[in-house]
Amino acid sequence: MIRIDRDRLWRTLMELKQIGAYSDEATGLQGVRRLALTDADAEARRRCVEWMVEADLEVRVDRIGNVYATRPGRDRTLSCVLMGSHIDTVATGGAFDGTLGVLGGIEVMRTLNDAGIQTLRDIEVGFFTEEEGVRFGTDMLGSAVTAGRIPLDHAHKLTDADGKSVKEELVRIGFDGPAPERRPVPHAYLECHIEQGPLLAEAGVDIGIVQGVQSISWQRLTVRGEAAHAGTTPIGSRHDAGLVAASVVVEARRMCDSGEFGQLRATVGNFDIGEGQTNVIPHRAVITVDLRNPDDALMTAAEQHLAGYVDRLAGQHGVRIAWERMAKTVMVPFDARIQDLLAATADDLGLPYVRAMSGAGHDAQEIAAICPTAMVFVAGENAGISHTPREYSNPDACGNGTDVLANAVLRLANEADEPVS
Ligand code: GLV
Ligand code: MN
Ligand code: MN
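Residues numbered from 1 in each chain as written. Chains lettered and ligands numbered in written order. Predicted model: local features only at pLDDT ≥ 70, side-chain atom pairs only at ≥ 80, totals over all residues. Heavy atoms only, no water.

A separate point is the overall build of the protein. A tally of helices and strands in the protein yields 13 helices and 15 strands. Dimensions along the principal axes, computed over C-alpha positions, put the protein at roughly 80 × 45 × 40 Å. Residue pairs at least 24 apart in sequence account for 80% of intrachain contacts in the protein once pairs closer than 6 positions are excluded. When the accessible surface of the protein is summed, it comes to about 16800 Å², and 50% of that surface belongs to carbon and sulfur atoms. Between the mean site of the 41 positive side-chain charges and the mean site of the 61 negative ones, the protein shows a separation of 2 Å. (Helix = DSSP H or I, 4+ residues; strand = E, 2+ residues; numbered from the N terminus. Contact = heavy atoms within 4.5 Å. Areas by Shrake-Rupley, 256 points an atom, 1.4 Å probe, with all protein chains shown as cover. Lys, Arg positive; Asp, Glu negative; His and termini not counted. Charge placed at Lys NZ, Arg CZ, Asp CG, Glu CD.)

Once that is clear, we can look at the coordination of the manganese ion (ligand 3). Six octahedral donors around a metal ideally sit at 90 or 180 degrees from one another, while four tetrahedral donors ideally sit at 109.5 degrees. Of the protein atoms, only Asp 97 (OD), Glu 132 (OE), Glu 132 (OE) and His 387 (NE2) coordinate the manganese ion (ligand 3), at distances of 2.1 to 2.6 Å. Spacing between the donor residues of the manganese ion (ligand 3) along their common chain follows D-x34-E-x254-H. A spacing of 3.6 Å is found between the manganese ion (ligand 3) and the manganese ion (ligand 2), which share Asp 97 as a donor. With Asp 97 in the loop between strand 5 (81–85) and helix 3 (99–114) and His 387 in the loop between helix 12 (381–384) and helix 13 (395–413), this residue pair connects regions lying 290 residues apart in the sequence. For His 387, a relative accessible area of 37% gives the class partly exposed. (Donors = N, O, S within 2.8 Å, 3.2 Å for Na, K, Ca; no water. Buried < 20%, exposed > 50% of the residue type's maximum accessible area, 1.4 Å probe, protein only.)

Another point: the packing of helix 8 (residues 241–258) against helix 9 (residues 296–317). Close contact between helix 8 and helix 9 brings their axes to 11 Å; oriented N to C, the two are set at 150 degrees. For the element pair helix 8 / helix 9, the angle class is roughly antiparallel. Regarding helix 8 and helix 9, the two cross each other, and that crossing is right-handed. Counted together, Leu 243, Val 244, Ser 247, Val 248, Glu 251, Arg 254 and Met 255 of helix 8 and Ala 302, His 305, Leu 306, Tyr 309, Val 310, Leu 313 and His 317 of helix 9 form the full contact between these two elements. (Axes fitted to C-alpha atoms, helices over the stretch in contact; angles between N-to-C directions. Parallel < 35°, antiparallel > 145°, perpendicular 65-115°, else oblique. Left-handed = near helix turned anticlockwise from the far one by under 90°.)

If you check helix 2 (residues 39–54), its first and last C-alpha atoms are 23 Å apart, about what 16 residues at 1.5 Å a residue would give, namely 22 Å. Listing the buried residues of helix 2 in full gives Ala 40, Asp 41, Ala 42, Ala 44, Arg 45, Arg 47, Cys 48, Val 49, Trp 51 and Met 52. Buried positions along helix 2 lie against helix 1 (6–16), strand 3 (58–61), strand 4 (67–71), helix 3, strand 6 (123–127) and helix 6 (166–173). Count one or two residues on from helix 2 and you reach Asp 56, which has phi positive near 65 degrees. (Expected span 1.5 Å × (residues − 1).)

What follows is about unusual backbone geometry. Of all residues except glycine, most have a negative phi; of all peptide bonds, most are trans. The backbone phi angle of Leu 37 is positive, close to 65 degrees, even though this residue is not glycine. As for its placement among the helices and strands, Leu 37 is situated in the loop between strand 2 (30–32) and helix 2. For Glu 130, which is not glycine, the phi dihedral falls at a positive 45 degrees. Its relative accessible area of 1% is what places Glu 130 among the buried residues.

Now for the sheet that holds strand 10 (residues 265–272). Strand order in the open sheet formed by four strands is 10-11-9-12, and the pairing between neighbours is antiparallel. Whereas interior strands pair on both sides, the edge strands pair on one side only; in this sheet they are strand 10 and strand 12 (320–329). Averaged over all adjacent pairs, the angle separating strand axes in this sheet is 20 degrees, with direction ignored. Relative to strand 11 (residues 284–293), strand 9 (residues 215–224) runs antiparallel, the two being bridged by 10 bridges. What sits directly across from Ile 216, in strand 11, is Arg 292. This element, helix 8, spans strand 9, strand 10, strand 11 and strand 12 of the sheet and lies at about 165 degrees to strand 10. (Pairing = 2+ DSSP bridges.)

Shape is all these values report; function is a separate question.
Here it is as structure tokens:
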């Protein structure tokens, strides 16, 4: 078994955390704000590329800005083993979400170099563009383009809140690469990621073997009512877009509490009522609805229920409501053989683990469409809280997860056959 250099991994994580650092008022902590294709993301990308080059890897950038770095194997005609994740963050991000899988992957390469290990297959480490989806509105964008779910042209045309397109921003930051976005199919894909939830901490283990990712639905609702005077307009004559939007927020929570839709989770993370004037009834409201469900049928039922509720509300309040689909993925189970290989690797390292479903979305759920894929989870402190600067996985947990990644990658990279999974 090989062991990665934990101190080196930690130093690398702490260095990348400085790029896009901001002072978070709510927590008093230093957070990371590195939205996709911003200057901060560009700087972090360049730093990662430097680390890749220092590890003697061959770097390439594809047409959606995904970056891959290859460590050649003995037989270059065989498909590679790919590791990866993302380095973009949400606006209130921490130092581990995504970056652990990327910097952990680079650390695996350094460890193999130090040990002078040659593998049969190429090994690659990569990072995918706009995993978070907070800037251009669609999550797992780079990996979804690579896997063929989202056409390149559609992805290029997506715009941020200021109207800047993905393509424009890729060109501006120098990551509009020449490599084809539909990359050669890997032998296997492995992603090490923080859990971002409480299950591993509750079980008292550092490691999770991920069974799959639940369904994700993102929609934007625009409510159009009528502006009118707050003091004079009778309650029964209002077309209050703000009230309608707020009712959707409350209904979404009620749906979760009702148990009617299984383990549904619903979040309204954007709530915009435009000018925001104390004495004017809001004429327009824009909200986003994020639904998650491990059961596809219950997800469909939840979406249908919400659509019916919104129709009724529109009638009652005399407002117009437009829906826009931002993202939708179904439940993705991970490859059983690769899960078992990860479990055997954890056993051989003497690391206890649990098997768990992922609550968060990941690039792995996209890459699973093109090759056998699985994920290693690493426990986080504070019940695994994430998408906040409070996100924290300690050096041992990060080291343990990356050791599992390293040894599993090594096994896969020495497999001669293309196994049927
Ligand atoms: C990715 O972070 C997600 O929204 O699950
Ligand atoms: Mn992530
Ligand atoms: Mn995230």
